[in-house]
Amino acid sequence: MERSRQNHSKVKHQHPLHHVKASKLQLGNPWVVCVIIVRMLSAFAIIIHPWWGTLVYWFCDSKDNYILTKFVGYTNGMYHQLDKQLDLVGFFCMYVVGYSRGFGVVLGWLLVYRLLGYLLYLKIHKRWMFVLFPNMFEMVFVWYIVFPSAGVSFFWLTTHTLLGLSVLFVIKIGIELFIHVYQPYRFMLLYKSHR
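Remember, it's a predicted structure, so these values are computed and weren't measured experimentally.

Thresholds applied
Residues numbered from 1 in each chain as written. Predicted model: local features only at pLDDT ≥ 70, side-chain atom pairs only at ≥ 80, totals over all residues. Heavy atoms only, no water. Helix = DSSP H or I, 4+ residues; strand = E, 2+ residues; numbered from the N terminus. Buried < 20%, exposed > 50% of the residue type's maximum accessible area, 1.4 Å probe, protein only. Contact = heavy atoms within 4.5 Å. Areas by Shrake-Rupley, 256 points an atom, 1.4 Å probe, with all protein chains shown as cover. pLDDT = per-residue confidence, 0-100. Patch = residues over 30% accessible without salt bridge, like charges linked within 9 Å, V, L, I, M, F, W, Y side chains within 5 Å. Salt bridge = Lys/Arg side-chain N within 4 Å of Asp/Glu carboxyl O. Axes fitted to C-alpha atoms, helices over the stretch in contact; angles between N-to-C directions. Parallel < 35°, antiparallel > 145°, perpendicular 65-115°, else oblique. Nonpolar A, V, L, I, M, F, W, Y, C, P; charged D, E, K, R; others polar.

1. Digging into the overall build of the protein chain
Here is step 1 of the chain: Secondary structure summary: the protein chain contains nine helices and zero strands in total.
Here is step 2 of the chain: Secondary structure elements of the protein chain, listed N to C terminal, follow the sequence α-α-α-α-α-α-α-α-α.
Here is step 3 of the chain: Every one of the 195 residues in the protein chain was classed for burial, and the buried ones make up 38%.
Here is step 4 of the chain: In the protein chain, of all internal contacts separated by at least 6 residues, the share reaching a separation of at least 24 is 69%.
Here is step 5 of the chain: Total accessible area on the protein chain stands at roughly 11800 Å², and carbon and sulfur atoms take up 69% of it.

2. Here we look at the confidence of the model for the protein chain
Here is step 1 of the chain: The share of residues in the protein chain with pLDDT of 70 or more is 75%, and the mean pLDDT across the chain is 79.
Here is step 2 of the chain: Ranking the elements of the protein chain by mean pLDDT puts helix α1 (residues 2-10) last with 46 and helix α2 (residues 30-48) first with 96.
Here is step 3 of the chain: pLDDT under 50 marks residues 4-17. Its contacts with residues more than four places away, or in other chains, come to 18 contacts.

3. Points about the environment of Val 89
Here is step 1 of the chain: Relative to the elements of secondary structure, Val 89 occurs in helix α4 (residues 76-100).
Here is step 2 of the chain: Taking C-alpha positions, Val 89 is 9.5 Å from Leu 41, a pair spaced 48 residues apart along the chain.
Here is step 3 of the chain: Aside from chain neighbours lying at most four places away, what touches Val 89 is Met 40, Ala 43 and Phe 44.

4. Comments concerning a nonpolar patch on the surface
Here is step 1 of the chain: A surface patch of nonpolar side chains, amounting to about 410 Å² of accessible area, comprises Met 40, Phe 44, Ile 47, Phe 92 and Val 96.
Here is step 2 of the chain: When residues of the nonpolar patch are traced back to their parent elements, those giving at least two are α2 and α4.
Here is step 3 of the chain: Position of Phe 44 among the secondary structure elements: in helix α2.
Here is step 4 of the chain: You can call Phe 44 partly exposed: its relative accessible area is 38%.

5. A few points about the packing of α2 against helix α3 (residues 50-72)
Here is step 1 of the chain: Two elements in contact, α2 and α3, have axes whose closest approach is 7 Å; the angle formed by their N-to-C orientations is 170 degrees. Relative to α3, the element α2 is oriented roughly antiparallel. Every residue of α3 that contacts α2 at Trp 31, Val 32, Val 35, Val 38, Arg 39, Ser 42, Ala 43, Ala 45, Ile 46 and Ile 48 is listed here: Pro 50, Gly 53, Thr 54, Val 56, Tyr 57, Cys 60, Asp 61, Asp 64, Ile 67, Leu 68, Phe 71 and Val 72.
Here is step 2 of the chain: Partitioning the contact of α2 with α3 into residue classes produces 16 nonpolar, three polar and three charged.

6. A look at the pattern of salt bridges
Here is step 1 of the chain: Applying the stated criterion to the full structure yields five salt bridges.
Here is step 2 of the chain: The closest approach of N and O atoms between Asp 61 and Arg 39, which form a salt bridge, is 3.1 Å. On the criterion of sequence distance, the pair formed by Asp 61 in helix α3 and Arg 39 in helix α2 is long-range, its members being 22 residues apart.
Here is step 3 of the chain: Take Arg 39: its relative accessible area is 1%, and that puts it in the buried class.
Here is step 4 of the chain: Between Lys 84 and Asp 83 there is a salt bridge; the shortest N-O distance is 4.0 Å. Pair check on accessibility: Lys 84 and Asp 83 agree, each one buried.
Here is step 5 of the chain: By sharing partners, the salt bridges in this structure join Arg 39, Asp 61, Asp 64, Asp 83, Lys 84 and Asp 87 into a single network.

Below, the structure is given as structure tokens:
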């Protein structure tokens, strides 16, 4: 009994939100392969039809976390590590649609802003970088391209661009705080309670 405790104390437990090597993501696992394929196909659906494609893309993006944690054993950090890379495919498809509709410059700058935050995250592995660099690219794409393509328009957003972008920025900061600050903190509390 005492020996097993000593052995257990020597084992280095990895924090569940740490960045891991790509080999640890089990990219050959059938569940992981399936998630990657579905996420990529849902991203390309945006090009075919922005409204329905975006809804399908969001649905797939919201369900893959459950699949990877339940059937593969991903930690929260492992999931976000793969998720951010798959997001790049979605961003590319959104940019293609935005460029074809005359929003190439605005979306281009917002995409660079988001990618800068992603690169800094890869460098220092701190998820609060996503709060400093919120995904305004996707928000602007939805409000200025997806909604109008479905016949939904917000007059104050189109006539008061700066005000509209400011409101969207505040909303997105709240979303990023929830995803990258509150959820990991809550996850860590649950993790420690189970330990």
